[in-house]
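# Overview (structure and organization)
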Amino acid sequence: MSEPIRVCAVVFRDDRGRVLAVRKRGTSRFMLPGGKPDPGETARETAVREVREEIGALIDVSSLTPLATFLAPAANEEGREVEGTIFTCSAPVDAQPAAEIEDVLWVDPHVPAAAGVELAPLLSRKVFPALG
């Protein structure tokens with residue numbers, strides 16, 4: 001089996017407890033804002049950069065709290081796994097699609113099916129249960 005795809009992503013919650021999810025152009029599944037680290041970047045630095053690039057939000061590394069690192073099937077690469085280092089962010093966010101992001105959506109983690117959208121396995125199977 002090949003190495004997992006390593007990503008760093010951020011959980012943003014609104015005042016109703018919903019979680020921000022994004023969908024990349026040309027894909028159908030929603031996932032957390034985040035992405036792959038550049039050489040030499042820490043997980044926190046990757047998360048901050050990816051959030052800025054994908055949703056235009058400027059956050060500080062000090063606003064990030066580690067949640068966990070999870071392994072799950074990759075959302076958009078059949079037969080691959082993703083290893084996601086996940087942070088929660090205490091800062092409020094006004095998310096606007098940027099870069100490769102086509103859509104943003106706030107999803108209730110307790111009733112994700114209510115949104116009627118496809119979610120990445122990392123989000124639905126690992127992150128949402130960990131949020132409690």
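Our subject is the structure that appears above.
For the structure given in this document, a descriptive report is provided here.

Further remarks concern unusual backbone geometry. Of note, alanine 99 is a non-glycine position whose phi angle comes to about 50 degrees, a positive value. For alanine 99, the position within the fold is in the loop between strand 6 (81-89) and strand 7 (101-107).

In this section: the environment of alanine 113. Turning to its location among the elements, alanine 113 is positioned in the loop between strand 7 and strand 8 (118-119). In this structure the C-alpha to C-alpha distance between alanine 113 and phenylalanine 30, which are 83 residues apart in sequence, comes to 12 Å.

With that settled, the discussion passes to the sheet that holds strand 7. Across a sheet, paired strands are connected by hydrogen bonds in the backbone, their directions being either parallel or antiparallel. Ordered in space as 7-2-3-8, the four strands form an open sheet in which the pairing is mixed. For this open sheet the edge positions go to strand 7 and strand 8, each flanked by a neighbour on one side alone. Sheet analysis places strand 2 (residues 19-24) next to strand 7, joined by six bridges and oriented antiparallel. Note that in strand 7 the partner of valine 22 across the bridge is valine 104. Against the sheet, helix 1 (residues 43-55) makes contact with strand 2 and strand 7, and its axis sits at roughly 65 degrees relative to strand 2, the strand it touches most.

Criteria and thresholds
Each chain carries its own residue numbering, running from 1 in the direction its sequence is written. Local features in a predicted model are, by the rule used here, given only for residues with pLDDT of at least 70; side-chain atom pairs are given and counted only at 80 or more, and totals for whole chains, interfaces and linings are based on all residues. Neither water nor hydrogens contribute to the side-chain values; these are computed over all heavy atoms in the structure. Helix and strand definitions follow DSSP, with helices as H or I runs of at least four residues and strands as E runs of at least two, each counted in order from the N terminus. Pairing between two strands requires that DSSP report at least two bridges joining them. In what follows, residue pairs with any heavy atoms lying within 4.5 Å of each other are defined as contacts. In this analysis an axis means a line fitted to C-alpha atoms, helices contributing only their contacting stretch, and an angle means the value between N-to-C directions, from 0 to 180 degrees.

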